[in-house]
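Chain residues, written in single-letter form:
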Amino acid sequence: MCEKGRFAPSPSGRMHLGNLFSFLLAWLDARAAGGRMVLRIEDLDPERTGEPWTSLLVEDLRWLGLDWDEGYAAGGTCGPYCQRGGPPSMTRRSKP
C-alpha cells in the first residue's frame, strides 16, 4: 500500500503559516516515502467556507511550488474530495 499525505483545510480565509506548515510536513513525508499527497476540502460551513477561499488556497499552494496527486482540482479514485460532495449523511447537520 502506498503512503499518503493528507491536508484537509476548512477554507474560511487566506492561507496562514499554520496551514502551510501542515501541508508542507505532510507533503515532505509523503514525497520522502515515495507516496502520494491528497488535498481534501472540509467545507461544511457554507456561510464561512467555499469560494473565493478555496480557489485562493489552491493558488497559494501552487505559487509556492507545492503539488498534490489526488484531491481537489486533481481528481482521483478515493473521492469525494470536498466534504459537501459526499453522501447526505456526511453533510447533514445535527439539530440542537
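Residues numbered from 1 in each chain as written. Predicted model: local features only at pLDDT ≥ 70, side-chain atom pairs only at ≥ 80, totals over all residues. Heavy atoms only, no water.

Observations concerning helix α1 (residues 17–32)
And step 1. Helix length check: α1, at 16 residues, gives a terminal C-alpha distance of 22 Å against a target of 22 Å (1.5 Å per residue), a fit within 8%.
And step 2. Listing the buried residues of α1 in full gives Asn 19, Phe 23, Ala 26, Trp 27 and Ala 30. The buried side chains of α1 occupy one side of the element, clustering within an arc of 100 degrees when seen end-on. Seen from the open side of α1, the exposed residues pointing more than 90 degrees away from its buried face are Leu 17, Phe 21 and Ala 32.
And step 3. Those residues of α1 that are buried lie in contact with β1 (4–7), β2 (36–39) and α2 (53–63).
And step 4. Positive phi shows up at Gly 34, right after α1, with a value of about 75 degrees. (Helix = DSSP H or I, 4+ residues; strand = E, 2+ residues; numbered from the N terminus. Expected span 1.5 Å × (residues − 1). Buried < 20%, exposed > 50% of the residue type's maximum accessible area, 1.4 Å probe, protein only. Arc of directions from axis to C-beta. Contact = heavy atoms within 4.5 Å.)

Quick look at the nonpolar core
And step 1. Membership of the largest hydrophobic core comes to 14 residues, with the highest contact counts inside it found for Phe 7, Phe 23, Met 37, Leu 39, Leu 57, Leu 61 and Trp 68.
And step 2. When contributions to this core are tallied by element, the ones reaching two or more residues are α1, β2 and α2.
And step 3. Beyond its immediate chain neighbours, meaning those up to four positions away, Phe 7 contacts Asn 19, Ser 22, Phe 23, Met 37, Val 38, Leu 39, Arg 40 and Leu 57. (Core = buried A, V, L, I, M, F, W, Y, C linked by side-chain atoms within 4.5 Å.)

Quick notes on the sheet that holds strand β3 (residues 70–71)
And step 1. One open sheet holds the three strands; their spatial order is β1-β2-β3, and the pairing between them is parallel. Each of the sheet's edge strands pairs with one partner strand only, and the pair in question is β1 and β3.
And step 2. As paired strands, β2 and β3 are joined by two bridges and run parallel to one another. Opposite Leu 39, over in β3, you have Gly 71 as the bridge partner. (Pairing = 2+ DSSP bridges.)

Topic: the side chain of Glu 42
And step 1. Take Glu 42: it is sitting in the loop between β2 and α2.
And step 2. We classify Glu 42 as buried; its relative accessible area is 18%.
And step 3. A polar atom in the side chain of Glu 42 sits 2.9 Å from the side chain of Arg 40.
And step 4. Those residues in contact with Glu 42 that sit more than four places away from it in its chain are Arg 6, Ala 8, Pro 9, Ser 10, Pro 11, Thr 49 and Gln 83. (Polar contact = N/O pair within 3.5 Å; in protein donor to acceptor, adjacent residues only side chain to side chain.)

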